[in-house]
Amino acid sequence: MGVARDRSGHRRARLVRERLAGELDGVAAAGWLRGEPRGVALSGAWLGGATILSSHPLVWLAPDDDPFLALDSLPVDLDSQPRGDEVAVGGAWLGWLGFGLSGAVEPVPPPPPRPMALPLFDLAFHDHVVLRDRDGRWWFEALWTDLRADVLSERLEYWRARLASRAPTVQKFTAEALRPAGAGLTGHRAVVGETIERIAAGELSQANLCLRLEAQFDGDPLDLWRIATAASRPGYAAYVAPGTSGHAVASLSPELFLKRTGRQVITRPIKGTAPISSDPATLTGSEKDRAENVMIVDLMRNDLGRVCRYGSIAVEELCALRRAPGVWQLESTVRGELRPGVTDAGLLRATFPPGSVTGAPKVHALRTIHGLEGTARETYCGSIGLCSPLAGLELNVAIRTLELARGNLWLGVGGGIVSDSSPEAEVTEALVKARGVARAAGLAIATQSQSTAPAGIPFNRAARPDPIAGVLETIRVRGGLPAHLPDHLRRLAASCAELGLNLPGQLEAEIQARAAELTDGALRITISSAGMRLATRPLPPPQTMELVPVAVPGGLGVHKWADRRLIEAHSRPGATPLICDSDGRALEAGYAALLIVIGRSILAPPLDGRVLPSLSRERVLAAARHDGWEVLIRELSLTEVEAADAIVLSSSLRDPHPGRLTGRPLPPRAAELCQALSLAGPPAQAQPAAAITRDGTESSRTG
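Residues numbered from 1 in each chain as written. Predicted model: local features only at pLDDT ≥ 70, side-chain atom pairs only at ≥ 80, totals over all residues. Heavy atoms only, no water.

Visitor: Quick rundown of the sheet that holds strand β32 (residues 585-589)? Include the residues and the values.
Guide: Here we have nine strands laid out as an open sheet, ordered β35-β34-β33-β37-β38-β30-β31-β32-β36, and mixed in their pairing. The open sheet terminates on both sides in strands that have one partner only, identified here as β35 (630-633) and β36 (636-637). (Pairing = 2+ DSSP bridges. Helix = DSSP H or I, 4+ residues; strand = E, 2+ residues; numbered from the N terminus.)

Printed below as a string of structure tokens:
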């Protein structure tokens, strides 16, 4: 197993349990994890009502490890077991499995864009924990080895002193109001409506769709978790400190995904939610909510049936009413007995991701999620918890979960969509869930106006670009010289760094040599895990392009993907897709950046992570400013695009040229205005390359 670890290998370990004095509440005691490396806290119903704290793990998984397989391995050899009725953890794998691991267990298409590059999981083996049992007693537990004796002794004394003292105070943090990301509430209504149509067409029975709320955050995520958990006391609260990526998780989950004790496994899916202020009888009497729950119960029975003994699966409770922070919800319980030889890895591969946050049938639901959600889920809708050689496996469903990284805070909320769902009701349900979390954490929520998306834009059905194919750059060659090469290399290097791709050290020299062979044309550079490809191609012919609107929730993101299948699926001779978000906002053309001209103003959509930062766009806008044009950066409605004096397309291979919406004539002055922009500003070589950054760059998706 390729892990970052103490290279001593396997060590023989014995279970050590020491009673610790202290009256601290578990959530308050978690404050002593501040500054501790890879701190983890579990609080609520874990192990029947325990709090588990730990830091300073023995080993942690590397990004290229298999996290499921790791659960079946131990970095120590255990010599002893608990005595009698003693319940112990001793040590455990602690951390989270992100929703993005869906692709490792199910045949699903690529997910939506990821706002930042984050790991798919964060899992470490802790050879010691501090545990507060259901009776309020504190214990230090360790899988004690001679080689770790000094470290474990130090950790024992650390916790002995901390638990005997007062809890550290919660430090202040600041956060903006949480706001819907991307296409927001309007876009969520639209994708819910599209899902209902797909259900009516028989493609699937249910899909769980979420929207994302975002804010800026300044402070320690541990304080956010302590405040929120103390205020709401959820059943499966979990905190995982920032790892090497700086990604922290503060979960207020009420839902148990899996609990394995010996060979017995239970799952408790939640489906059906109503505000705590409502009459709970309304929820228990709702046919829609019961139908949602029953579908997921059947799905979880099927998932467990892959690995459980025939005839052992039973529904112990169906649609039981439960109270959770800010909501009533319906919870069911399914139990089974694992077949001989089935390990935790096998159990996870059969059931992950949790059925309650996917839909039915699961693979079709995952395809719908990946096609219609605007941003990829990270930890959200994955799972957080522990896997112990003594206590077994216990994992939550990572809902009601705040995630934090690099000054950003985000929260995913959503619900199950069935045939009689209402787009407006689904938005309301998502906000009810969000408000419960926000209220507990002391956060505010600011929602956008209740506008509706324009009708008639078809949703994309083609697969999103597959990151495995890598990224590309297309560079114009004039007289044997590659134009704006430093800027193209900067953008390519940024994408490679974020995606973990290797940029060849001699790339610039190779491009220069290949360009010298061309009089006038284009170079295409593709970088993937398979290496680099460098090819030449002719320039596209000058022509007015027809723009065919297609909704691609979340757009294509900030990388220039080498996989062009989505664009090609919506292209034809003389026509290219106009990529719109699910709320109908225009983002970019299939092969070019999008600008519109209204009077003496040039408008461009914001570079907010949904579009490729365009090099040629920045040059056009800079030249226009030089000539006295007003430049406005804001979202563009399809109505505005249709009414513009000119739709201007900008790419690295062609000067600004006109576009027209499908079925609409070319605006009378479009060609003239594009020509004016082509001639605007000082000569291109007079603009310093250093002034053109990744925040204002080009958008030739296909060249």
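Visitor: Which residues make up helix α4 (residues 149-163), and what are the values?
Guide: Note on helix geometry: an α-helix contains 3.6 residues per turn, so any two residues three or four positions apart are oriented the same way. Under the 1.5 Å per step criterion, the end-to-end length of α4 is 21 Å for 15 residues, consistent within 8% with the ideal 21 Å. Every buried residue of α4 is listed here: Ala149, Leu152, Arg155, Leu156, Tyr158, Trp159 and Leu163. The inward-facing, buried residues of α4 contact β2 (11-20), α1 (26-29), β4 (51-54), β9 (128-132) and β10 (138-144). (Expected span 1.5 Å × (residues − 1). Buried < 20%, exposed > 50% of the residue type's maximum accessible area, 1.4 Å probe, protein only. Contact = heavy atoms within 4.5 Å.)

Visitor: Account for the side chain of histidine 188, naming residues and giving values.
Guide: Tracing the backbone shows histidine 188 in helix α5 (residues 184-200). With relative accessibility at 3%, the residue histidine 188 sits in the buried group. Here histidine 188 is in contact with Leu209, Cys210, Leu211 and Val427, once residues within four sequence places are set aside.

Visitor: Which residues make up the packing of helix α12 (residues 485-499) against helix α13 (residues 507-515), and what values do they have?
Guide: Relative to each other, α12 and α13 sit at 135°, their axes nearing to 12 Å. Put simply, α12 runs oblique to α13. Considering how the two elements wind past one another, α12 and α13 form a crossing that is right-handed. On α13, the residues that touch Leu485, Leu489 and Leu492 of α12 are Leu507, Glu508, Ile511 and Gln512. For the contact of α12 with α13, the residue count by class is five nonpolar, one polar and one charged. (Axes fitted to C-alpha atoms, helices over the stretch in contact; angles between N-to-C directions. Parallel < 35°, antiparallel > 145°, perpendicular 65-115°, else oblique. Left-handed = near helix turned anticlockwise from the far one by under 90°. Nonpolar A, V, L, I, M, F, W, Y, C, P; charged D, E, K, R; others polar.)

Visitor: Lay out the pairing of β35 in plain terms, naming residues and giving numbers.
Guide: The pairing of strand β34 (residues 601-604) with β35 spans four bridges and is parallel. Bridging from a neighbouring strand, serine 601 pairs with glutamate 630 of β35. Handedness of the crossover joining β34 and β35 through helix α15 (residues 615-626) is recorded here as right-handed. (Right-handed = clockwise from strand over helix to strand, strands pointing away.)

Visitor: Tell me what's going on with the packing of aromatic side chains, and back it up with residues and numbers.
Guide: Summed over all chains, the structure comprises six aromatic pairs. Aromatic pair tryptophan 225 and tyrosine 239: ring centres 6.1 Å apart, planes at 40°, arrangement tilted. Taken together, the residues tryptophan 225 in helix α6 (residues 221-232) and tyrosine 239 in strand β14 (residues 236-240) connect sequence positions 14 residues apart. Exposure remark for tyrosine 239: the relative accessible area of 3% places this residue in the buried category. It is arginine 17 that lies over the ring of tryptophan 139; its NZ or CZ is 4.1 Å from the centre. (Phe/Tyr/Trp six-rings, centres within 6.5 Å; stacked < 30°, edge-to-face > 60°. Lys NZ or Arg CZ within 6 Å of the ring centre and 35° of its normal.)

Visitor: Which residues make up helix α11 (residues 423-441), and what values do they have?
Guide: Between the first and last C-alpha of α11 there are 27 Å, a value that for 19 residues agrees with the 27 Å anticipated at 1.5 Å per step. Residue glycine 442 follows α11 closely and has a positive phi angle near 75°.

Visitor: An account of the pattern of salt bridges is requested, with residue identities and associated values reported.
Guide: What the rule picks out here adds up to 47 salt bridges. Here aspartate 303 makes a salt bridge to arginine 306, at a shortest N to O gap of 3.9 Å. Overall, aspartate 303 belongs to the buried group, its relative accessible area being 2%. Under the relative-accessibility criterion, arginine 306 is labelled partly exposed at 41%. Its salt-bridge partner being lysine 362, residue aspartate 303 comes within 2.8 Å of it at the nearest N-O pair. Taken as a pair, aspartate 303 in helix α8 (residues 287-305) and lysine 362 in helix α10 (residues 362-372) lie far apart in primary sequence, 59 residues in all. Each of Asp581, Asp583, Arg585, Asp608, Arg610 and Glu635 takes part in a single network of salt bridges with overlapping partners. (Salt bridge = Lys/Arg side-chain N within 4 Å of Asp/Glu carboxyl O.)

Visitor: Mind laying out the state of the cysteines, listing which residues take part and the relevant values?
Guide: Counting across every chain of the model gives zero disulfides. Just so you know, cysteine 210 is unpaired, no disulfide at all, and the nearest cysteine sulfur is the one on cysteine 381, 5.8 Å from it. Cysteine cysteine 580 remains unbridged, with the sulfur of cysteine 674 as its closest cysteine sulfur at 18 Å. (Disulfide = S-S within 2.5 Å.)

Visitor: Could you give me a rundown of a nonpolar patch on the surface, with the residues and numbers involved?
Guide: A cluster of nonpolar side chains, contributed by Val294, Val315 and Leu318, occupies part of the molecular surface with about 200 Å² of accessible area. Structurally, valine 315 is set in strand β19 (residues 314-324). By relative accessible area, which is 36% here, valine 315 ends up partly exposed. (Patch = residues over 30% accessible without salt bridge, like charges linked within 9 Å, V, L, I, M, F, W, Y side chains within 5 Å. Areas by Shrake-Rupley, 256 points an atom, 1.4 Å probe, with all protein chains shown as cover.)

Visitor: Quick one: what's the story with the nonpolar core, residue by residue and with numbers?
Guide: With 82 residues, the main nonpolar core has Trp93, Leu348 and Leu649 as its most contacted residues. Not counting residues within four places of it along the chain, the set of residues in contact with leucine 348 comprises Phe68, Leu71, Leu97, Phe257, Leu258, Leu393 and Leu395. Ranked by size, the runner-up nonpolar core spans 52 residues in total, among them Val16, Ala30, Leu211 and Ala237. (Core = buried A, V, L, I, M, F, W, Y, C linked by side-chain atoms within 4.5 Å.)

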